[in-house]
Amino acid sequence: MAAVQTDQITLSVNGQSVTVPKGTLILDAAKKVGIDIPIFCSHPKMAPVAVCRMCLVEVEKMPKLQPACAVYVAEGMVVKTVTEQVNKYQKGVLEFLLINHPLDCPICDKGGECPLQDQTFQYGPGASRYEFQKAHFDKAVPLSDKIVLDRERCILCWRCTRFSEEISGERELALIQRGVHTIIGTFNDEPAQSNYQGNWTEICPVGALTARQYRFISRPWDLDRTASVCPGCSMGCNIQIDARNNRIGRFQSRENLAVDDSWLCDFGRYSFPNFQRKGQERPRVRRNGSLQEVSYEEAIAFAVDALKRADRQVAGWASPADSNEELFLFRRLFREVLQSPHLDHRSTVVADAEPDDTTLPIADIERCDHVVVLGGQEVIDAAPVLHLRLLKSQRKGVNVLRVGTGELKRALDGVPAEAEAVGILATEASKKAATDLQLRLGKKIKGSVRRLLVTTGPNGRGAKDLGILPHLGPGYASLNGQSGKGRVEWPGAGLKALYVHESSPLHGFTPTDAESMWLPALPLLIVHRFTASPLDDLAHVILPGHAFTEKDGSVTSMEGRVQRIRKGIDAEWVREDWRVLQDIANRLGASWAYDSASAVTADLVASLPPYAAALNTAGRVLWSEAT
Amino acid sequence: MAVREVLMGPVYILRALYTTFKHNRRPIVTIEYPEMQKAVPPRARGKHILHRYADGLEKCVGCELCAIACPVGCIVVEAAENTPENRVSPGERYAKRYEINLLRCIYCGMCEEACPYDAITMGPRYDLADDHPDKFIAVKEDMLEPLSASVGDTAVPSGAPSAQPVARKW
């Protein structure tokens, strides 16, 4: 009898005994023993509403069928999910849902991955008894420039409106009218403004909400799916690159509870057109003032000759969207082969990088008492999915303070002295204010204060970890007085060459005013990049490289999580970036012998042990434990 | 023995000639292909036809069910959205690209079965020989009913071969 007193509850589902914590839904208890209950409106991230009635199950001693998605388990409950009555109700519910559903599956983007299709097939009646005209609603309504709404297909599960209310907190979508006239829409039919609209299409259990960019591009079974990481920002949200005929059709989210909580922002999700390859490109070198197409061998030889003439006066800029493998080789090329310390990945001056910038993991935001968002919207703009995490934390009772970077006093006053765990979120640019606040809060409160800095680019953290900085080596090691010059100091530093490497147009080298004056006079500019960049006109050597979505490797998110990126698009005529770097290094006298990107990874983790543990578990780099 | 064979020779010849000329009186079963073509049964599965509605709009919506039903994977479909300026089919979606590799096709008719709009049927044409593999990739225009033929939305398209001389390019 002791078991009854604990928080564990034992019930029986289809004759199988299952023990779950108190407050579990029948649906989840059944899932635990592998029993599938059909659902439409229920979503694990949102509160139950039980509007679709698809999940009705029989519970002993209850007179009517109960919705499994809204009834909590009780001790000794006897649940039956497969009985004659349940089957009859499931058939009935589906028949009702399909009465006005247009059944235009052949032209519907959801067709093939549609829960309504699947469940009709599995549980539904084979035919409808409804003989009258279906009710017609508006089709292909543009809800915004990103989303198309088909009101006929909508089964009114409320998932999108609940997302808008509970998850993104924007309350943009609402149910309008009553009864059979109910439709989904925005206020006054104004275009939706949310930055999280892509998630609506993903949670929609029918084809009512579809993405404008993916419209009629492909059927789900045509897609080549590749697990990767979003190239949008440093959040490191897990995505799936869905490509057809070697062109990206869409980015879909891949749930990682520690990072994205299964959501993506529209900036990242709809950034994929930036990574579409426009035709085949060959390397080019500038001879007599004009660019000429040559082979890779020729271009590399040309670059190497010019690099030799530059004699250590070479600067290197690698984009914070490059993979760790490329950054590793890039650093070795400069520090070991070219013997030049002038390395950078940043666009503007930022404060010192240190491993302490990642002490607050994203998932721990929910477990803090108080979270200070230093810079408010600035931080959210730099990593939009953080907003959803912050809202979720707020719902859990975390006090989220959004203050400006100059309002440290407000933040200090907002956190009481008895606080146990405090988190600070800030962008890289306001690092000084963040460390300042951390120090002062640390003195005031009795608990711990941790911070998380939002870096620029999907691998901004990796670039710092691997030493793509003028003053720090890999693992934030000091360079013992051999510091080079950072990007802002390059104009006027007497440099003779610049090597720019970038693999994402979102995080490329955009010349500042001072650089625009300096670059045309530079004797050698090597641009190793994925797509046409503003530097092309000035470049002496252009080496086509792979895009973020076209290569294997790893990237480090802002919280120091090392995650794999994978080749979603095949561009085999482009020489791999690591191979080009190796060819250049070897022609300059090195003897590197990597034969694959994973060989580079192996060498990387051997030289930087904290990365080994992080890569194996897709976990965070823990610098302090390693030392 | 040999003398008897020699004497009977003309008899054997006449007997053989009888067999030959006997067939003169029988009906002719061969036709002069390719100048003439044989009528095929109504359900014969020859080269595919993409149909149109009576108003000339294409029936195909580019749903790719034919492509997924095809046991040999010889159909490629890519869809696009109809716009008021470029209306190809009545609904929202049409097939921008529709290709069948006729060399790979086994003429099983599964595409026809799968089609929810009766847009594709197996036609009566079987004279598909050509001189280069590339010429066996039938594109949409090769299979679409001519606009004039679609009026009335007949199940059997006009222009079906029969045992009549067919105009030839050569």
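Keep in mind it's a predicted model, so treat the numbers as computed, not measured.

We now examine the domain arrangement of chain A. Residue and element names in this part refer to chain A. Split by domain assignment, chain A resolves into domain 1 (2-97), domain 2 (132-275), domain 3 (284-335 + 483-626) and domain 4 (355-454). With 17 residues of domain 2 in contact, the opposing surface of domain 3 contributes 18 residues. Broken down by element, the side of domain 2 that touches domain 3 gets its largest block of residues, 4 residues, from strand S11 (residues 224-229).

Take the packing of helix H8 (residues 296-310) of chain A against helix H16 (residues 577-587) of chain A next. Residues and elements named next belong to chain A. The N-to-C vectors of H8 and H16 enclose an angle of 50°; their axes lie 10 Å apart at closest approach. In terms of orientation, H8 lies oblique with respect to H16. At the point where H8 passes H16, the crossing takes the right-handed sense. Mapping the contact onto sequence places Ile 300, Ala 301, Ala 303 and Val 304 in H8 and Val 580, Asp 583, Ile 584 and Arg 587 in H16. Within the contact of H8 with H16, the residues separate by chemical class into 6 nonpolar, no polar and 2 charged.

Further remarks concern the interface of chain B and chain A. Each side of the interface is counted separately: chain B has 12 residues, and chain A has 8 residues. Listed by contribution, the elements that provide at least two residues to the side of chain B that touches chain A are helix H2 (65-69) and strand S2 (75-81) of chain B. In the side of chain B that touches chain A, the residues fall into 7 nonpolar, 1 polar and 4 charged.

All names here are of chain A. Viewed as axis vectors pointing N to C, helix H9 (residues 324-337) and helix H17 (residues 597-607) meet at an angle of 65°, and their least axial separation amounts to 9 Å. The orientation of H9 relative to H17 falls into the category roughly perpendicular. Of the two elements, H9 crosses H17, and the hand of that crossing is left-handed. The segment H9 lies against H17, with Asn 324, Glu 325, Phe 328 and Leu 329 engaging Ala 597, Val 600, Thr 601 and Leu 604.

Calculation criteria
- Residues numbered from 1 in each chain as written.
- Chains lettered and ligands numbered in written order.
- Predicted model: local features only at pLDDT ≥ 70, side-chain atom pairs only at ≥ 80, totals over all residues.
- Domains from an automatic or database assignment.
- Contact = placed C-beta atoms within 7 Å.
- Helix = DSSP H or I, 4+ residues; strand = E, 2+ residues; numbered from the N terminus.
- Axes fitted to C-alpha atoms, helices over the stretch in contact; angles between N-to-C directions.
- Parallel < 35°, antiparallel > 145°, perpendicular 65-115°, else oblique.
- Left-handed = near helix turned anticlockwise from the far one by under 90°.
- Nonpolar A, V, L, I, M, F, W, Y, C, P; charged D, E, K, R; others polar.

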